[in-house]
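Read off the chains here:
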Amino acid sequence: MQSINRFLYGPSPEEKVRAWQAKLRAEGRKLDRETRQLDAATAKVRTTVKQLATKGDVKSARILAREVVRSDKQKDRLSVSKARLGSIGTQLTQQLAMMKITGSLQKSTEIMKLSNSLIKLPQISQAMREMTMEMTKAGIMEEMLEDTLEMDEDEEITEEADAEVDKVLFELTNGKLGQAGAVGTALPSLQDKLEDEETERTMEQYREQLNGLLSG
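Remember, predicted model here, so these are calculated numbers, not experimental data. (Residues numbered from 1 in each chain as written. Predicted model: local features only at pLDDT ≥ 70, side-chain atom pairs only at ≥ 80, totals over all residues. Heavy atoms only, no water.)

(A) Broad picture of the overall build of the protein chain. Scanning the protein chain for helices and strands turns up eight helices and zero strands. Ordered by position from the N terminus, the helices and strands of the protein chain form the series α-α-α-α-α-α-α-α. Looking at the protein chain as a whole, 34% of its 216 residues are labelled buried. A total of about 13,200 Å² of accessible surface is found on the protein chain, and carbon and sulfur atoms cover 52% of it. (Helix = DSSP H or I, 4+ residues; strand = E, 2+ residues; numbered from the N terminus. Buried < 20%, exposed > 50% of the residue type's maximum accessible area, 1.4 Å probe, protein only. Areas by Shrake-Rupley, 256 points an atom, 1.4 Å probe, with all protein chains shown as cover.)

So this is what it looks like as structure tokens:
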């Protein structure tokens, strides 16, 4: 009988909720993987920042330190988003409990608010859009306004002020940033030029790697 009802009317409300919860867990694991990748890439950059600052190349160290700051802010954002996915899952569990009393799923402004914030995260935007439409059809959410569903113009993580970058450099160089000498005034040797070119290539490689992760 249950299979006949599913064929005629589609999944039951409880089956829909279970499917959404499974999707939420899958998206949470996706954010976990991205966080681990970001941690690994940032660790390499942190090591390079220390090396550059120790050599006295504070200018290059500062450029990469900004990437570390952006990476840290992105990890914070991923962590908050993971928590929001969990909150939606909890709200859905409460919906199942209430359904035993009311006989149907109820509208939830909390789920709507959390879903709307997660739609703006590129890594899970598509999955959240699809889930939002499904929940709207199921009566849990009201249809969002079109401008609410639109993705914000590439929400770039704002670069921190120089004071914050100095703080990162201070931490990465074990408090020795102030001791890192200024770049010398002597004419650079051929070896110096080769080292600078290698540094530039390394920096660009790390920046591209981090930017790929940060842009989702």
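(B) Quick peek at the nonpolar core. Among the nonpolar cores identified, the biggest contains 23 residues, and Trp-20, Ile-88, Leu-92, Met-128, Met-135 and Ile-140 are the most heavily contacted of them. Broken down by secondary-structure element, the contributors of at least two residues to this core are α2 (13-55), α3 (58-102), α4 (109-119) and α5 (125-137). With sequence-adjacent residues up to four places away left out, Leu-92 is seen in contact with Val-17, Trp-20, Gln-21, Leu-24, Ile-111, Met-135 and Ile-140. Core analysis: the next-biggest nonpolar cluster, separate from the first, contains 12 residues, Ala-61, Leu-64, Ala-65 and Val-68 among them. (Core = buried A, V, L, I, M, F, W, Y, C linked by side-chain atoms within 4.5 Å. Contact = heavy atoms within 4.5 Å.)

(C) Structural view of α5. If you check α5, its first and last C-alpha atoms are 19 Å apart, about what 13 residues at 1.5 Å a residue would give, namely 18 Å. All of the buried residues in α5 are Ser-125, Ala-127, Met-128, Met-131, Thr-132 and Met-135. The arc that holds the buried residues of α5, viewed along the axis, is 155 degrees, so those residues lie on one side. Of the exposed residues in α5, those oriented more than 90 degrees away from the buried face are Gln-126, Met-133 and Lys-137. Those residues of α5 that are buried lie in contact with α2, α3 and α4. (Expected span 1.5 Å × (residues − 1). Arc of directions from axis to C-beta.)

(D) Quick look at the confidence of the model for the protein chain. Summing up the model confidence of the protein chain, the mean pLDDT is 76 and the portion of residues at 70 or higher is 67%. When mean pLDDT is compared element by element in the protein chain, α5 scores highest at 92, while helix α6 (residues 146-149) scores lowest at 44. Every residue in residues 145-159 scores below 50 in pLDDT, and together they form 20 contacts with partners more than four places removed in sequence or on other chains. Here residues 179-194 is modelled with pLDDT under 50, and outside its nearest four sequence neighbours on either side it reaches seven contacts, counting other chains as well. (pLDDT = per-residue confidence, 0-100.)

(E) Layout of the pattern of salt bridges. All told, the structure shown has nine salt bridges when counted by the stated rule. Between Asp-32 and Lys-82 there is a salt bridge, with its nearest N and O atoms 3.1 Å apart. Placement of Asp-32 in helix α2 and of Lys-82 in helix α3 is noted, with a sequence separation of 50 residues between them. With a relative accessible area of 31%, Asp-32 lands in the partly exposed category. (Salt bridge = Lys/Arg side-chain N within 4 Å of Asp/Glu carboxyl O.)

(F) Quick peek at the side chain of Glu-67. Along the chain, Glu-67 falls in helix α3. For Glu-67, a relative accessible area of 4% puts it in the buried group. Of note is the side chain of Glu-67, whose polar atom sits 3.2 Å from the side chain of Arg-70. (Polar contact = N/O pair within 3.5 Å; in protein donor to acceptor, adjacent residues only side chain to side chain.)

(G) Seen up close, a positive patch on the surface. A cluster of like positive charges, contributed by Arg-25, Arg-29, Arg-33 and Arg-36, occupies part of the molecular surface. Relative to the helices and strands, Arg-36 resides in helix α2. (Patch = residues over 30% accessible without salt bridge, like charges linked within 9 Å, V, L, I, M, F, W, Y side chains within 5 Å. Lys, Arg positive; Asp, Glu negative; His and termini not counted. Charge placed at Lys NZ, Arg CZ, Asp CG, Glu CD.)

(H) Structural detail: the packing of α4 against α5. In the contact formed by α4 and α5, the axes pass within 8 Å of each other and the chain directions differ by 150 degrees. Overall, the two elements α4 and α5 adopt an arrangement that is roughly antiparallel. Between α4 and α5 the crossing geometry is left-handed. In contact with Ile-111, Ser-115, Leu-118 and Ile-119 of α4, α5 contributes Ser-125, Met-128, Arg-129, Thr-132 and Met-135. When grouped by side-chain class, the residues that make up the contact of α4 with α5 number five nonpolar, three polar and one charged. (Axes fitted to C-alpha atoms, helices over the stretch in contact; angles between N-to-C directions. Parallel < 35°, antiparallel > 145°, perpendicular 65-115°, else oblique. Left-handed = near helix turned anticlockwise from the far one by under 90°. Nonpolar A, V, L, I, M, F, W, Y, C, P; charged D, E, K, R; others polar.)

(I) Just the environment of Gln-74, in detail. Looking at the secondary structure, you find Gln-74 in helix α3. Residue Gln-74 is classed as buried on the basis of its relative accessible area, which comes to 1%. For Gln-74 and Thr-35, which are 39 residues apart along the polypeptide, the C-alpha to C-alpha distance reads 8.7 Å.

(J) Fine view of the environment of Met-128. Along the chain, Met-128 turns up in helix α5. The contacts of Met-128, once residues within four sequence positions are left out, are Leu-24, Leu-85, Ile-88, Ser-115, Leu-118 and Ile-119.

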